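Close look at the chain arrangement
These are the residues of each chain, in order.
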Amino acid sequence: MRVGVLVSGSGRNLQALLDAEAAGRLGRARIAVVVSNQPGVLALERAARAEKPTAVVPHRGQPSRQAFEDALLAALAPHGVELVVLAGFMRILTGHFLGRFPDRVVNIHPALLPSFPGVDAQGQALAHGVKITGCTVHLVDEGTDTGPILAQAAVPVLPEDDHGALARRILAEELRLLPAVVAELSQGRLVREGRRAWIRP
Ligand code: GAR
């Protein structure tokens with residue numbers, strides 16, 4: 001299963017996917033291309049170091065969201081991508097893009113959705129004083145972090161936590177969960193009943 005990874009930043013989740021592939025822990029998934037909407041980010045360096053094809057598709061300067069998404073689709077197309085993984089990709093995709101990959105776009109989010117969607121999920125968790133947060137891998141729909149949930153991992157919020165400490169504890173779970181779900185998706189069958197989705201081995 002050929003995977004396109006979309007990134008915007010430091011690419012720690014991308015690195016976890018690259019490491020899992022190199023270690024034979026990504027099932028039948030193969031990272032075929034890494035596409036960033038931001039030039040010059042560390043994620044692109046990580047991809048290049050792993051000798052993966054990369055592309056930069058800036059969202060700035062595009063005449064419309066549809067034009068941006070057409071450029072993303074054009075960057076993925078030559079690589080025969082079958083699954084798109086959003087690994088710290090900080091743009092919302094519309095039906096124009098998603099319709100090309102039905103139930104084949106997944107995202108990692110640093111909270112137990114449906115709590116704390118959108119930006120700074122860790123800060124939202126601290127502000128609400130929740131005692132448990134975590135991370136979620138979900139199918140992407142047109143909402144902001146609203147698609148059917150595939151897998152979650154819980155993380156305690158400790159009294160002494162600041163933003164950095166909590167973000168690091170959540171990230172450790174993200175780096176484990178995302179490659180595990182991609183491996184499962186590459187080997188199993190996605191079952192979907194309404195909002196409920198799971199992977200059957
Ligand atoms: C990760 O914590 C990811 O869950 C989050 O951005 C970070 C990217 O880090 N994504 C979102 O908040 C998406 N709504 P990375 O680029 O080092 O993997």
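Residues numbered from 1 in each chain as written. Predicted model: local features only at pLDDT ≥ 70, side-chain atom pairs only at ≥ 80, totals over all residues. Heavy atoms only, no water.

Overview of the site of the ligand
With respect to spatial proximity, the complete set of residues near the ligand consists of Ser10, Gly11, Arg12, Asn13, Gly88, Met90, Ile108, His109, Pro110, Asp145 and Glu174. The separation between an oxygen atom of the ligand and a polar side-chain atom of Glu174 is 2.6 Å. Compared with its free state, where it exposes 450 Å², the ligand has 89% of that area covered by protein. At the level of secondary structure, the elements contributing two or more residues to the shell around the ligand comprise helix 1 (12-22) and strand 5 (105-109). Residue classes in the shell around the ligand are distributed as 3 nonpolar, 5 polar and 3 charged. (Near = heavy atom within 4 Å. Polar contact = N/O pair within 3.5 Å; in protein donor to acceptor, adjacent residues only side chain to side chain. Areas by Shrake-Rupley, 256 points an atom, 1.4 Å probe, with all protein chains shown as cover. Helix = DSSP H or I, 4+ residues; strand = E, 2+ residues; numbered from the N terminus. Nonpolar A, V, L, I, M, F, W, Y, C, P; charged D, E, K, R; others polar.)

Considering the environment of Ser8
Relative to the elements of secondary structure, Ser8 occurs in the loop between strand 1 (2-7) and helix 1. A residue is classified by how much of its surface remains accessible, and Ser8, at 11% relative accessible area, is buried. Remark: the alpha-carbon pair of Ser8 and Ala43, spanning 35 residues in sequence, is separated by 7.4 Å. Ignoring sequence-local partners within four residues, the contact set of Ser8 consists of Ser36, Asn37, Gln38, Val41, Gly88, Phe89 and Met90. Side-chain polar atoms of Ser8 contact the backbone nitrogen of Met90, separated by 2.9 Å. (Buried < 20%, exposed > 50% of the residue type's maximum accessible area, 1.4 Å probe, protein only. Contact = heavy atoms within 4.5 Å.)

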